[in-house]
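# Observations on the three-dimensional arrangement
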Amino acid sequence: MGYTVVHDMYVVMEILIRGYFFYSLVKPFMFSEAMPDNMCGLEAIQASAGKRKKFVFYVGAIHLLIIVLLYVTPHPMDLFKAYRIGSFIMFFLICCIDRRNYRQKAFLVIMFFSVSWLCAAMAEILYDNLYAFAEHTDYMQSHPDDPTWIALYAGVTVFYLALEFVFTAIGIRQIIKVYRNKSADLEKRELFMLALPSLMGMMAFVIIGSHRMVYIVEAGRKKDDYDILILLFYAATVVLIVVLIVLYQEIKARQEENRQTEILAVQIDSIRRHIEQVEDLYQNIRSVRHDMTNHILTLERLYEGNNTEEAKAYGEELKTELSQMTGGIESGNPVTDVILQEFRKEAGERGISFRSEFHYPVDTNINVFDISVILNNALQNAIENTEKEKVKQISIESYRRKNAYIMEICNSFTGSLQWDAESGLPVTSKEKVEGHGYGLSNIRRMAGKYAGDIDITLKDGEFCLCIMLMLE
């Protein structure tokens, strides 16, 4: 009876340990439902994290319930088979809760199944050796029927559970730490590459475990060197899983850098075109300045001859010509003038109202190229997303608050956003293309060059992006 009680308690504790670590693993990868329109930025992330924590807590609890039910059925099965069936059930469950990144979820389930059993196997080897050492002591051999044997069994079982907890905690913690891009799904070949060590680890666990059991139990022998090699193999497999995730993340990071470089190259080309347009504008202004003396003489002669109406008409015509030449936008810098003119023209062609009160921060340390990158990304986002709305409005303004230069770009937006808890930016995966986000990382990077940052607010049918740059 004593051995049965200890064994049952051990099974329950092991199920609790694995349920806790399954909960810890999937929590950072799960997204909750979209937040209401009146939530944004940090508030939305906190609310999303709260709902995600609640959802994943239910997942962990159901995981425990499934394993327990499979283990205590009228036709009980061993824990390995119960966890195998439970893993398939949990995969479908977390996919129903969070209907995105299915291949990533498949990898997480496969990897967790493998890592948890490999860590348990390492703990079991140390447990077996400790128990073998203790049972062959003189005291235990001289008390074959003493209750101390139950105490020994209970003690080494606690030792086993503690080791399993520590090994699994180290493995899962490292995986969560190195798996940085948690919101991105995997391609089929990436899933195969990442899951292969886990699958091989599971096969090795079954094969080695069976042979080890036969070697120890049926042959009645145990070789310490053999156990050390198995222990090192299991540990190396877990390390390989972690290292492969690290390599995969580095590859994705380089791909992201290349993508950012390509985007930056396109933006540089766009700035080059803007500069060419500024040069044309400058040539037109020089031409007007060359003719300005004649225009002034003409106006003087009209006024001297009391031809007031003709003089006013001539002046209005001259003003109209100058306004058309400059595009009607005077931001304080010819490059930003051209950028704003182009986007205002594009907005007009798409039936979008465009209002600009942008003023370039002259006599500051801010580079016009950085401002151009911010304007291009922000206004392109605004136009693409406003085009889908019934009320189509875009506004941009800038102002200074002491040593801070602030830009606000707002546009009509009645949709909902999901937030990446790591970056604090809206999710931009292909499944969520209706939200904002493209180019926001570029804008944040430019703001970071001036010890600044960005903030996003979403309320009253309007999406507002606020960019702050420190002038000193």
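Overview of the structure. (Residues numbered from 1 in each chain as written. Predicted model: local features only at pLDDT ≥ 70, side-chain atom pairs only at ≥ 80, totals over all residues. Heavy atoms only, no water.)

### Things to note about the overall build of the protein
Going by this rule: In this text, helices come from DSSP runs of H or I with a minimum length of four residues, and strands from runs of E with a minimum of two, each type numbered from the N-terminal end. Using a 1.4 Å probe on the protein chains alone, a residue whose accessible area is under 20% of its type maximum counts as buried, one over 50% counts as exposed, and one in between counts as partly exposed. Contacts were defined at the residue level, with two residues in contact if any of their heavy atoms lie within 4.5 Å. All accessible areas in this document rest on Shrake-Rupley with a 1.4 Å probe, and a residue is counted as covered only by the protein chains that are shown.
Of regular secondary structure, the protein possesses twelve helices and five strands. Residues counted as buried form 44% of the 472 residues belonging to the protein. When contacts within the protein are restricted to residue pairs at least 6 apart in sequence, long-range pairs at least 24 apart make up 71% of them. In the structure as shown, the protein presents an accessible area of about 25600 Å², 60% of it carried by carbon and sulfur atoms.

### Details of the sheet that holds strand β2 (residues 393-401)
Formally: Strand pairing is assigned whenever DSSP detects at least two bridges linking the two strands. Under this scheme, a helix contributes an axis fitted over its contacting stretch, all axes are lines through C-alpha atoms, and angles between N-to-C directions fall in the 0 to 180 degree range.
With mixed pairing, the five strands of this open sheet are ordered in space as β1-β2-β3-β5-β4. Across the chains shown, the open sheet's two edge strands, defined by having one partner strand only, are β1 (353-357) and β4 (453-459). Here the average twist between neighbouring strands, direction ignored, is 15 degrees. Of the pairings in the sheet, the one linking β2 to strand β3 (residues 404-412) comprises eight bridges and is antiparallel in character. Paired with Arg400 across the two strands is Tyr405, which belongs to β3. Helix-sheet contacts for helix α10 (residues 334-349) involve β1 and β2, and the interaxial angle to β1 is about 160 degrees.

### Focus: the state of the cysteines
Just so we agree on the cut-off: The rule for a disulfide is simple: a pair of cysteine sulfur atoms within 2.5 Å.
Applying the stated criterion across every chain yields a total of one disulfide. Here Cys410 connects covalently by a disulfide to Cys464, the sulfurs 2.3 Å from one another. The sign of the 115 degrees torsion about the S-S bond sets the Cys410-Cys464 disulfide as right-handed. Taken together, the residues Cys410 in strand β3 and Cys464 in strand β5 (residues 462-470) connect sequence positions 54 residues apart. The class of Cys464 is buried, set by a relative accessible area of 16%. For Cys96, which is in no disulfide, the shortest distance to another cysteine sulfur is to Cys95 and amounts to 7.1 Å. Of all cysteine sulfurs, the one in Cys410 lies closest to Cys466, which takes part in no disulfide; the gap is 8.6 Å.

### Brief notes about the packing of aromatic side chains
Short version of the rule: Centres within 6.5 Å are what make two rings of Phe, Tyr or Trp a pair, Trp counting through its six-membered ring; a difference in plane orientation under 30 degrees is then read as stacked, over 60 as edge-to-face, and the rest as tilted. Comment: the charge-over-ring label is applied if NZ (Lys) or CZ (Arg) is within 6 Å of the ring centre and within 35 degrees of the ring normal.
Counted under the stated rule, the structure contains 16 aromatic pairs. Between Phe91 and Phe92, the ring centres sit 5.5 Å apart and the planes meet at 65 degrees, which makes this aromatic pair edge-to-face. Residue Phe92 is classed as exposed on the basis of its relative accessible area, which comes to 53%. A network of ring pairs unites the aromatic residues Phe113, Trp117, Phe205, Phe233 and Tyr234 as a single cluster. Sitting over the ring of Trp117, Arg18 keeps its end group 4.0 Å from the ring centre. The ring of Phe29 is capped by Lys182, whose NZ or CZ atom sits 5.8 Å from the centre of that ring.

### Some thoughts on a nonpolar patch on the surface
Formally: Only residues whose relative accessible area exceeds 30% and that form no salt bridge are eligible for patches; like-charged ones are grouped when within 9 Å, while nonpolar side chains (Val, Leu, Ile, Met, Phe, Trp, Tyr) are grouped when within 5 Å. Take a side-chain nitrogen of Lys or Arg and a carboxyl oxygen of Asp or Glu: if they are within 4 Å of each other, that pair is a salt bridge.
Nonpolar side chains collect at one region of the surface, where Phe192, Leu196, Leu199, Met200, Met203, Val206 and Ile207 lie side by side and expose about 660 Å² of accessible area between them. With respect to the helices and strands, Ile207 occurs in helix α7 (residues 188-218).

### A short note on the pattern of salt bridges
On inspection of all chains with the given rule, the structure shows ten salt bridges. Residue Glu164 is joined to Arg18 by a salt bridge in which the shortest nitrogen-to-oxygen separation is 3.0 Å. Here the residue Glu164 occupies a position in helix α6 (residues 148-178), and Arg18 occupies one in helix α1 (residues 2-26), the gap between them amounting to 146 residues. By relative accessible area, which is 2% here, Arg18 ends up buried. Measuring nitrogen to oxygen at the nearest pair gives 3.3 Å for the salt bridge that ties Arg189 to Glu187. The class for Arg189 is exposed, based on a relative accessible area of 66%. Within the structure, one salt-bridge network assembled from shared partners comprises Glu14, Arg18 and Glu164.

### A look at the packing of α1 against helix α4 (residues 102-135)
The geometry of a pair of packed helices is captured by two quantities: the angle between their axes and the separation between those axes. Test applied: Geometric relationships in this document are graded by angle, where less than 35 degrees denotes roughly parallel, more than 145 denotes roughly antiparallel, 65 to 115 denotes roughly perpendicular, and other angles denote oblique. Each crossing is labelled by how the near helix is turned from the far one, with a counterclockwise turn of less than a right angle marking it left-handed and a clockwise turn marking it right-handed. Only Asp, Glu, Lys and Arg are considered charged, only Ala, Val, Leu, Ile, Met, Phe, Trp, Tyr, Cys and Pro nonpolar, and every remaining residue, Gly among them, polar.
Direction vectors running N to C along α1 and α4 enclose 140 degrees, while the axes themselves pass 11 Å from each other. The orientation of α1 relative to α4 falls into the category oblique. Of the two elements, α1 crosses α4, and the hand of that crossing is right-handed. For the pair formed by α1 and α4, the contact residues are Glu14, Arg18, Phe21, Phe22 and Leu25 on the first element and Leu108, Val109, Met111, Phe112, Ser116, Trp117 and Ala120 on the second. Residue composition of the contact of α1 with α4, grouped by class: nine nonpolar, one polar and two charged.

### Points about the nonpolar core
Cut-off, in case you're wondering: Buried Ala, Val, Leu, Ile, Met, Phe, Trp, Tyr and Cys residues form a nonpolar core when they are joined through side-chain atoms within 4.5 Å.
Ranked by size, the top nonpolar core spans 63 residues in total, and within it Leu25, Phe107, Met111, Ile175, Tyr234 and Ile245 carry the most contacts. Secondary structure elements with two or more residues in this core: α1, α2 (41-71), α3 (79-97), α4, α6, α7 and α8 (224-304). The element that contributes the greatest number of residues to this core is α4, accounting for 18 residues. Apart from residues lying up to four places away in sequence, Leu25 is in contact with Leu108, Met111, Phe112, Ile172, Ile175 and Ile176.

### What about the environment of Glu389?
Topologically, Glu389 is positioned in the loop between α11 (368-386) and β2. For the pair Glu389 and Ile352, spaced 37 residues apart in the sequence, the C-alpha separation amounts to 9.7 Å. Every residue in contact with Glu389, bar those within four places of it in the chain, is listed here: Ser412, Phe413, Thr414 and Gly415.

### A look at the pairing of β5
Where β3 meets β5, nine bridges bridge the pair, whose relative direction is antiparallel. Note on β5: the bridge partner recorded for Ile406 is Met468. Count of turn residues in the β4/β5 antiparallel hairpin: two residues, of which Asp460 carries a positive phi of about 55 degrees.

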